[in-house]
Amino acid sequence: MRTALLAIGLFVLAWSFRQLYVSATPDAGWPYAVVYKGDAAIWLDHVEALRRGERFEQGLPLRPPGMAWLLRPFWNGELERIRVLRGLMLVLGAASVALFFLIVRARFGVRAGLIAGSLAAASTGLMSLSAALNNETPYLLLVLASIGLAQTVAVSPRLAGLAVFGALQATACLFRVEHALFALLLTGHLVWRWTRISAAPEAPPSHGGATPRSRAIATRAATIALASFVVLVPWHVSAWGAIARFNAGEVPKDPRAEAAVARIEQSVAELRWEDGAREASAALPAFLRRSATAFVRATRAHRGETSVRAEDFDSILRAAFGSVPRELDAWPFITSYGALNFGLANHPLASGGFSRAALDEAPPLTGGSESYPPELVRGLPPPNLAFEYIPHLALFNHGYSRGWAWIRSSPGSFFELVGAKLGRFLAGATLGFGGDGRPLRASGVRNAVDLVVPEAGTGTLVWRIFLLGLAGVGFFVARPRAALVPWLLFLAAQLAISVLFFGYARQGAGVSYVLLLGAALALERPCLLAGRAGRFVLGGLALILVSLFVLELERARTGVEIHIDGRPVEGFDPLPPGDHGEHRITYRRRGAPRSVPGSIPGSGTDSGR
């Protein structure tokens, strides 16, 4: 009963922090927060398509579907429901804090659980994630549930619990496909734990060569895999069917594009087809066959030729666009965007965070642009991902091979890029507490599809070293405990994803639970001191938490002004929904003095919180 009351109390505390955080800013009615815009507008478009019974992004599995499925029951198409959707994120964020407390309390004790839960309730990074309609908040709830259940089935591997564990892993993958790496690591850890459980001497191997214990472990692993498979099958049937239809050419037609292709076809109608040319055209993917064929024929006509040959479909397309088009991969795991993201993330012009540089590269146009019809190559590349544009299609299909090729050819540049990726990750993992991000500041830079982090400075560096050092001490103290391993595996998986793909501050904020656990385990030790010393430490932590809550109340009462690149934010976002630029975000209490000229960013001396 006491544990339940503590969990409820932490839920209320965490929800209050988050509600006050959101209500203080003028973006409370938007589908996202300025602090973290992310892909919220896209998720809402997806939900709206589901509501209308329409295909989103041509039905292709370009994104995991979990977020849209979660929001669909709460969305009716009316703008006032935005607050309901954002309220749902606040509730899920607060529920994660309560679950975090329960898991830590069960494995590390009530004192560690209370400290960890209190820190998580006021964590700026976790508050920022739950302020917008993005998938990190529900995903983290599933991650915490996975860790908690893993610790149960490790010592009590009943088939029902194993099936639920497997279903949880599959569900988490439907929110973030990269969860598959953590799921594999966590399952491998469980298998290792089962092999280490002390038991009576085993019976001799059966005629099949397997011992009873090994058969039991295989059955447990198979149960997890089967439960995951059952959850994922419906989505894959739908996704793979959509890809098959797309590859077959069943795509929505753009009337303007169709009219443009028809004009080209009419202009080259007298161009003769040589032997094999029609077969070469028919071998092209159906979804771009007509436009690619028109390009090849128009290029031949532009060069003064009177016929089109079979080899032209390879030579002209390869010379103009760098490759010959291929169909989309027919059987991706959950989504098709892994190769694209890998190619974008590991590119000579990549920044470490999200970057479109690889998509924005001009086509090779070997032989010079004058060798091709000017009306067909002018304005390339298109502004958005387009499968009809062969370089985009090639990156979508072959991003892994292209990314690895660049890594092998430029290892030094890659390691520099990894440093930039990890720097962004670290910035998100070491944010402060409360809406003002204390002891740092709330103002800072928001990179593409990411959350706001304070700019580098002396104060920022000192805080990061302190927080990481404190967490490291906690991990060292708790190193003999097997219950710590799943948390460290999650941290390792997230670091690996950041190194291989994009470095995101938001992904770093997602590991806040791991770092706060380490900090709580470190702070728990002095709290265990007998008498006055232990009470002094606990009282100090409680005073800090109360002070943060009072500051949050004041922040909500006075309100906060937001400036994006110096432009004040009123009742609407001055930037378009799909904007992926880097922006400077400034928060300032209403009526507070402006930043002191010459103050050091990130030092805590700037009043523009």
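Procedures and definitions
Residues numbered from 1 in each chain as written. Predicted model: local features only at pLDDT ≥ 70, side-chain atom pairs only at ≥ 80, totals over all residues. Heavy atoms only, no water. Helix = DSSP H or I, 4+ residues; strand = E, 2+ residues; numbered from the N terminus. Rg over C-alpha atoms; globule rule 2.2 N^0.38 Å. Buried < 20%, exposed > 50% of the residue type's maximum accessible area, 1.4 Å probe, protein only. Pairing = 2+ DSSP bridges. Phe/Tyr/Trp six-rings, centres within 6.5 Å; stacked < 30°, edge-to-face > 60°. Contact = heavy atoms within 4.5 Å. pLDDT = per-residue confidence, 0-100. Patch = residues over 30% accessible without salt bridge, like charges linked within 9 Å, V, L, I, M, F, W, Y side chains within 5 Å. Areas by Shrake-Rupley, 256 points an atom, 1.4 Å probe, with all protein chains shown as cover. Salt bridge = Lys/Arg side-chain N within 4 Å of Asp/Glu carboxyl O. Axes fitted to C-alpha atoms, helices over the stretch in contact; angles between N-to-C directions. Parallel < 35°, antiparallel > 145°, perpendicular 65-115°, else oblique. Left-handed = near helix turned anticlockwise from the far one by under 90°. Nonpolar A, V, L, I, M, F, W, Y, C, P; charged D, E, K, R; others polar. Expected span 1.5 Å × (residues − 1).

Some points on the overall build of the protein
(1) Moving on: Secondary structure assignment for the protein yields 23 helices and seven strands.
(2) Moving on: For 609 residues, the compact-globule estimate of 2.2 N^0.38 gives 25 Å, and the protein sits close to it at 28 Å.
(3) Moving on: Reported as C-alpha extents along the three principal axes, the dimensions of the protein are approximately 95 × 80 × 50 Å.
(4) Moving on: Looking at the 609 residues of the protein, the share that counts as buried comes to 52%.

Some points on the sheet that holds strand β6 (residues 567-568)
(1) Moving on: Within the open sheet, the five strands sit side by side as β4-β3-β7-β5-β6. Their pairing is antiparallel. Lying at the two open borders of the sheet, with one neighbouring strand each, are β4 (452-453) and β6.
(2) Moving on: Judged from the five bridges that link them, strand β5 (residues 560-564) and strand β7 (residues 583-589) form a sheet pairing that is antiparallel. Opposite Glu561, over in β7, you have Arg588 as the bridge partner.

Here's the deal with the packing of aromatic side chains
(1) Moving on: All chains considered together, the criterion is met by 22 aromatic pairs.
(2) Moving on: Look at Phe100 and Trp487: their rings are 5.6 Å apart centre to centre, the planes differ by 70°, and that puts the pair in the edge-to-face class. Of this pair, Phe100 sits in helix α4 (residues 82-108) while Trp487 sits in helix α20 (residues 485-500); the two residues are 387 residues apart in sequence, bridging distant segments of the chain.
(3) Moving on: Note on Trp487: relative accessible area 0%, which makes it buried.
(4) Moving on: Both rings, one in Phe295 and one in Tyr372, keep their centres 6.1 Å apart while their planes meet at 20°; by these two values the pair is stacked.

Comments concerning the pairing of β7
(1) Moving on: Of all seven residues that make up β7, five are buried, and the element is covered over most of its length.
(2) Moving on: Sheet analysis places strand β3 (residues 444-446) next to β7, joined by three bridges and oriented antiparallel. By the bridge assignment, Arg446 is partnered in β7 with His583.

Some words on the environment of Arg86
(1) Moving on: Its location among the elements puts Arg86 in helix α4.
(2) Moving on: A relative accessible area of 4% means that Arg86 is categorised as buried.
(3) Moving on: Between the C-alpha atoms of Arg86 and Ala33, which are 53 residues apart in sequence, the distance is 9.5 Å.
(4) Moving on: Setting aside residues no more than four positions away along its own chain, Arg86 makes contact with Val22, Asp27, Ala28, Gly29, Trp30, Pro31, Tyr32, Ala33, Ser130, Ala131 and Leu133.

Focus: the confidence of the model for the protein
(1) Moving on: Per-residue pLDDT for the protein has a mean of 91; in total, 93% of the residues score no lower than 70.
(2) Moving on: When the criterion is pLDDT under 50, residues 594-609 qualifies, and its contacts beyond four places in sequence or with other chains add up to 37 contacts.

Comments concerning unusual backbone geometry
(1) Moving on: Note the cis peptide between Leu380 and Pro381, where omega equals 5°.
(2) Moving on: Checked against the element boundaries, Pro381 lands in the loop between α16 (374-377) and α17 (390-409).
(3) Moving on: Residues Arg438 and Pro439 are joined by a peptide bond in cis, for which omega reads 10°.
(4) Moving on: The topology assignment puts Pro439 in the loop between α18 (411-429) and β3.
(5) Moving on: The phi angle at Gln58 is positive, at roughly 60°, despite the residue not being glycine.
(6) Moving on: With respect to the helices and strands, Gln58 occurs in the loop between α2 (40-52) and α3 (66-71).
(7) Moving on: Accessibility expressed as a relative area gives 31% for Gln58, which makes it partly exposed.
(8) Moving on: Positive phi outside glycine occurs at Leu365, with the angle close to 45°.
(9) Moving on: Secondary-structure assignment places Leu365 in the loop between α15 (338-345) and α16.

Details of a nonpolar patch on the surface
(1) Moving on: On the surface, a cluster of nonpolar side chains totalling about 450 Å² of accessible area is made up of Met1, Leu5, Ile8 and Val12.
(2) Moving on: For Val12, a relative accessible area of 43% puts it in the partly exposed group.

So, the packing of helix α8 (residues 159-175) against helix α9 (residues 179-196)
(1) Moving on: Between α8 and α9, the least distance of the axes is 8 Å, while the angle of their chain directions is 160°. The pairing of α8 with α9 is recorded here as roughly antiparallel in orientation. The two elements α8 and α9 cross, and the hand of that crossing is right-handed. Where α8 abuts α9, its residues Leu162, Phe165, Gln169, Ala172 and Cys173 lie against His179, Ala180, Ala183, Leu186, Thr187, Leu190 and Trp194.
(2) Moving on: Tallied by class, residues from the contact of α8 with α9 come to nine nonpolar, three polar and no charged.

Considerations on α2
(1) Moving on: Over its 13 residues, α2 extends 19 Å from the first C-alpha to the last, a length consistent with the 18 Å expected when each residue adds 1.5 Å.
(2) Moving on: Residues of α2 that are buried include every one of Ala40, Ala41, Ile42, Trp43, Leu44, His46, Val47, Glu48 and Ala49, and no others.
(3) Moving on: In this fold, the buried residues of α2 make contact with α3 and α4.
(4) Moving on: Of the residues trailing α2, Gly53 is marked for its positive phi of about 75°.

So, the environment of Gly419
(1) Moving on: Following the sequence through the fold, Gly419 ends up in helix α18.
(2) Moving on: Considering only alpha carbons, one finds Gly419 and Gly503, 84 residues apart in sequence, at a separation of 9.3 Å.

Considerations on the pairing of β5
(1) Moving on: Counted residue by residue, β5 has five buried out of five residues, so it is predominantly covered.
(2) Moving on: Here β5 shows a buried face lined by Val560, Ile562 and Ile564 and a second buried face lined by Glu561 and His563.
(3) Moving on: Across two bridges, the pairing between β5 and β6 is antiparallel. Each residue of the ladder has a partner; that of Ile564, found in β6, is Arg567.

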